[in-house]
Amino acid sequence: KSKSAAKGRALFFNGSVDEAVKRAFAIETELRTALLNEEISIVYQPQICVKTGNIVGVEALARWHSKKLGFVSPAEFIPIAENSGTINALGDYVIYKALFDINAFNINNAFKLNLSINISPKQLLEPNFVESVVQASEDLAFDRQFITLEITENILITDLSVVLPILLELRENNFKLSLDDFGTGYSSLSYLSNLPINEIKIDRTFIDKFLTNHQSESLVKTIIAIGDFCDFVVVAEGVETKAQLDRLTQFNCDLIQGYYFDKPLAYNDLVAKYQSCNISCD
Ligand code: C2E
Ligand code: MG
Ligand code: MG
Ligand code: MG
C-alpha cells in the first residue's frame with residue numbers, strides 16, 4: 001500500500017466522524033469529474049498457472065490519481081462510487097478500457113490472455129448490465145470466453161432469485177464468472193455447487209497468514225478441495241513469498257496472483273514483460 005493510501009485510511013478510520021464524512025464527501029465530489037479529467041487509469045495484475053509458471057490472464061484494477069486528493073485507493077473510492085451512483089460510468093469505463101487494452105495485447109501476441117474484471121453488486125444489478133457488457137465485447141470483438149467477471153461473495157446475500165438469473169444469462173453469453181474474496185462472506189456450501197461460477201478466489205487475508213496460522217491453513221486447504229470437487233478454478237490472491245507459493249503448489253491450487261510474481265502493471269509494462277514470452281497453459 002502506498003503511503004498516501006495508508007494516510008487516507010488512517011484519516012478515514014481514526015479521524016472524527018466529521019472528518020470521515022468530509023473525506024467521503026470530497027471523494028464523492030471529485031469522483032464525478034474524475035473520468036472526464038482522465039484521472040482514472042487501469043493496471044493489470046498477472047495471474048500465473050501454478051503447474052507451468054506461465055501467465056494465463058490478468059485482473060484489471062482501477063487506479064485514481066486525483067488532482068485534488070492525490071492517490072486514492074479503490075478500497076476507499078469504489079464503495080463511495082457505489083453509494084453515489086458513479087459506479088456505473090466508472091464500471092463502463094473500466095470494461096471498455098480493459099477490453100481495449102487486452103484486445104491489443106492478444107492481437108499482437110502468440111497466446112491469448114484471459115481478462116478478469118471486477119463488477120460491483122450495484123453494477124451487476126443494473127437492469128441493462130448483461131446487455132451492456134455483451135455490447136462492449138462485441139464493439140471490441142473480444143472473445144467472451146476470455147472474459148471473467150469477478151463478483152464478490154456478498155452479492156449472494158442479496159436475493160438469490162434476483163442474482164441467479166443474471167449470472168445464468170452471463171454464462172449463456174459465454175462469460176466466465178469468478179467469486180472474489182472467497183471465505184470472507186456468507187456463502188453456504190450447500191448452494192455453492194449450484195452456482196453457475198467457474199472460479200473462486202481465496203481472499204488475501206487468508207494467504208497472508210496461512211503459513212503460520214493453523215486455522216487459515218485448514219481453510220485454504222479446504223477451499224482448494226471444495227474448488228476441486230466443484231470443478232472450479234481456484235485462484236490464490238496476495239501471494240508474496242516463495243514459501244506461500246510452494247505450499248499452495250502442494251495443495252494443488254490452480255492460479256496465483258500476487259506481488260511474488262507481479263504487482264499490478266501499467267499496460268506498457270505488461271507488454272514489455274509478457275508479450276510473446278511464453279505459451280499459456282490451459
Ligand atoms: P480485489 O478484486 O480482491 O483485488 C485484489 C487486490 O489485492 C488489489 O488491490 C491488488 O492490488 C491487491 N494485491 C494483489 N496481490 C497482492 C499482494 O501480493 N500483496 C498485497 N498487499 N496486495 C495484493 P487494489 O487494486 O487496491 O483493489 C482493491 C479492491 O478494490 C479490489 O479487490 C476490488 O474489490 C476493488 N476494485 C479495484 N478495481 C475495481 C474496479 O474496476 N471495479 C470494481 N467494482 N472494483 C474494483
Ligand atoms: Mg478482484
Ligand atoms: Mg479479492
Ligand atoms: Mg482444480
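Residues numbered from 1 in each chain as written. Chains lettered and ligands numbered in written order. Predicted model: local features only at pLDDT ≥ 70, side-chain atom pairs only at ≥ 80, totals over all residues. Heavy atoms only, no water.

An unreviewed UniProt entry annotates the protein chain as Cache domain-containing protein of Rheinheimera baltica.

Asks: Is there a simple way to think about the overall build of the protein chain in this case?
Replies: A tally of regular secondary structure across the protein chain gives 12 helices and nine strands. Computed over the C-alpha atoms, the radius of gyration of the protein chain is 19 Å, within 12% of the 19 Å expected from 2.2 N^0.38 for a compact globule of 282 residues. Along the first, second and third principal axes, the C-alpha set of the protein chain runs to 50 × 45 × 45 Å. Here the analysis covers contacts within the protein chain between residues at least 6 apart in sequence; of these, 69% occur between residues at least 24 apart. Only carbon and sulfur atoms are counted for the fraction: they give 53% of the accessible area of the protein chain, which is about 13,900 Å². Counting 25 positive and 36 negative side-chain charges, the protein chain places the averaged centre of each group 7 Å from the other. (Helix = DSSP H or I, 4+ residues; strand = E, 2+ residues; numbered from the N terminus. Rg over C-alpha atoms; globule rule 2.2 N^0.38 Å. Contact = heavy atoms within 4.5 Å. Areas by Shrake-Rupley, 256 points an atom, 1.4 Å probe, with all protein chains shown as cover. Lys, Arg positive; Asp, Glu negative; His and termini not counted. Charge placed at Lys NZ, Arg CZ, Asp CG, Glu CD.)

Asks: When you look at the site of ligand 1 in this model, what are you seeing that I'm missing?
Replies: What surrounds ligand 1 is a group of 21 residues, the closest being R63, N118, D180, E240 and Y259. At a separation of 2.5 Å, a nitrogen atom of ligand 1 approaches a polar side-chain atom of E240. Contact distances for ligand 1 include 2.8 Å between an oxygen atom and a backbone N or O atom of Y259. For ligand 1, whose unbound accessible area comes to 810 Å², protein coverage reaches 88%. Of all the secondary-structure elements, those providing two or more residues to the shell around ligand 1 are β2 (55-66), α3 (74-84) and β6 (176-182). Here the shell around ligand 1 takes four residues from β2, the largest share from any one element. (Near = heavy atom within 4 Å. Polar contact = N/O pair within 3.5 Å; in protein donor to acceptor, adjacent residues only side chain to side chain.)

Asks: I tried to follow the coordination of the magnesium ion (ligand 3) on my own but got confused; where do I start?
Replies: By definition of the ideal shapes, four donors in a tetrahedron about a metal sit 109.5 degrees apart, and six donors in an octahedron sit 90 or 180 degrees apart. Distances from the magnesium ion (ligand 3) to its protein donors, namely D180 (OD), D181 (OD), E237 (OE) and E237 (OE), fall within the range 2.1 to 2.7 Å. For the magnesium ion (ligand 3), all donor residues lie on one chain, and their spacing in sequence is D-D-x55-E. Distance-wise, the magnesium ion (ligand 2) is placed 4.2 Å from the magnesium ion (ligand 3), both being coordinated by D180. You can see D181 sitting in strand β6 and its partner E237 sitting in strand β8 (residues 233-237), a full 56 residues away along the chain. Among the residues examined, D181 registers a relative accessible area of 23% and is labelled partly exposed. Residue E237 is classed as buried on the basis of its relative accessible area of 12%. (Donors = N, O, S within 2.8 Å, 3.2 Å for Na, K, Ca; no water. Buried < 20%, exposed > 50% of the residue type's maximum accessible area, 1.4 Å probe, protein only.)

Asks: What's the story with the environment of S66 in this structure? I'm lost.
Replies: Take S66: it is sitting in strand β2. Its relative accessible area of 5% is what places S66 among the buried residues. As for S66 and D231, which are separated by 165 residues in sequence, their C-alpha atoms are 42 Å apart. Within the local environment of S66, its side chain forms a polar contact with the backbone nitrogen of K68, the two atoms lying 3.2 Å apart. Within the local environment of S66, its side chain forms a polar contact with the backbone nitrogen of L69, the two atoms lying 2.9 Å apart.

Asks: Can you walk me through the side chain of D101 in this structure?
Replies: Following the sequence through the fold, D101 ends up in helix α4 (residues 87-107). One polar contact links D101 to Y44, side chain to side chain, over a distance of 2.7 Å. Leave out the neighbours within four places in its chain, and D101 touches Y44 and Y267.

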